[in-house]
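Architecture at a glance
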Amino acid sequence: SITNEYTKPEIPPPPPHIPQTGQLWWPVPALIILGIVIFALGRVLKNRKGALIYALSILVLTVAFGFMLYNIRDAKRASDMSDTIVTEIVPMIEEQEEIEEKKPTYMEHPDMEMPTIMIDGHRYIGYLEIEDLGLVLPIADDCTQVQLKNTPCSYKGSIYQYNMVIAGHNYARHFSKLRRLDVGSPI
């Protein structure tokens, strides 16, 4: 006799809500357009109210400019932080790889913890290299909102089980260029 022993695999629960982090670029064009509209309204009203409207348009355009400068400065900060960590983590990982000559234990035990390297009080599991985009980014082990402001993080899963999810920002030097990556590009 034949018995069907198939059991439906458990569907993992959905991940917790990922916080909205990263850069807010949408206010910049919205505020610029609003500032221009308000300025045009001031041109139409050529009286005392027109002068107040001009002042309001300058204020709105100044806020747009401030958002833009903040985003540029924040992206530069994150880029510098990632570059600093990568210069430390790459040689450390290469040194570990030279020491481990035998068959890696993760092949025998894919559910084991991924090793980490401590740099400046934060743990990193390694780095991500995308040659086609010229990116080398450290991957932090702890995926917190604070850490995400500096480097991409391991959000869920394990590289040993081929189910690792990496979370990151759309900073110019982080993941903003991913949309340009061709399918099949090595990572």
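Criteria and cut-off values
Sequence positions are assigned chain by chain, starting from 1 and proceeding in written order. In view of the model being predicted, local features appear only for residues whose pLDDT reaches at least 70, and side-chain atom pairs are presented and counted only at 80 or more, with totals across whole chains, interfaces and linings using the full set of residues. No hydrogens and no water enter the side-chain calculation; it runs on all heavy atoms of the structure. To pair, rings of Phe, Tyr and Trp, with the six-membered ring standing in for Trp, must have centres within 6.5 Å; the planes then decide the type, stacked if under 30 degrees apart, edge-to-face if over 60, and tilted in the middle. By definition, any uninterrupted DSSP run of H or I lasting at least four residues is a helix, any uninterrupted run of E lasting at least two residues is a strand, and each is numbered from the N terminus. Throughout, exposure labels follow a simple rule: accessible area from a 1.4 Å probe, protein chains only, divided by the maximum for the residue type, with under 20% read as buried, over 50% as exposed, and the rest as partly exposed. As a per-residue measure, pLDDT tells how confident the predictor is, with possible values from 0 to 100. One requirement defines pairing of two strands: DSSP has to find at least two bridges between them.

Focus: the packing of aromatic side chains
Considering all chains together, one arrives at one aromatic pair under this definition. Measuring from ring centre to ring centre gives 5.0 Å for F39 and Y54, while their planes differ by 50°; the resulting arrangement is tilted. A residue pair is termed long-range when its members are at least 10 positions apart, and F39 in helix 1 (residues 27–44) and Y54 in helix 2 (residues 48–99) qualify at 15 residues. With a relative accessible area of 40%, F39 lands in the partly exposed category.

Quick look at the confidence of the model for the chain
Averaged over every residue, the pLDDT of the chain is 82; residues scoring 70 or more account for 83%. Ranking the helices and strands of the chain by mean pLDDT puts strand 3 (residues 135–140) first, with 90, and helix 3 (residues 105–108) last, with 69.

Observations regarding the pairing of strand 2 (residues 122–130)
Relative to strand 2, strand 1 (residues 117–119) runs antiparallel, the two sharing three bridges. In the sheet register, I117 faces strand 2, and the bridge partner there is Y124. Adjacent in sequence and paired antiparallel, strand 1 and strand 2 are bridged by two residues, among which D120 carries a positive phi angle near 50°. Of the pairings in the sheet, the one linking strand 2 to strand 3 comprises six bridges and is antiparallel in character. By the bridge assignment, L128 is partnered in strand 3 with L137. Counted along the chain from strand 2 to the antiparallel partner strand 3, the turn is four residues long, and its residue G134 has a positive phi close to 70°.

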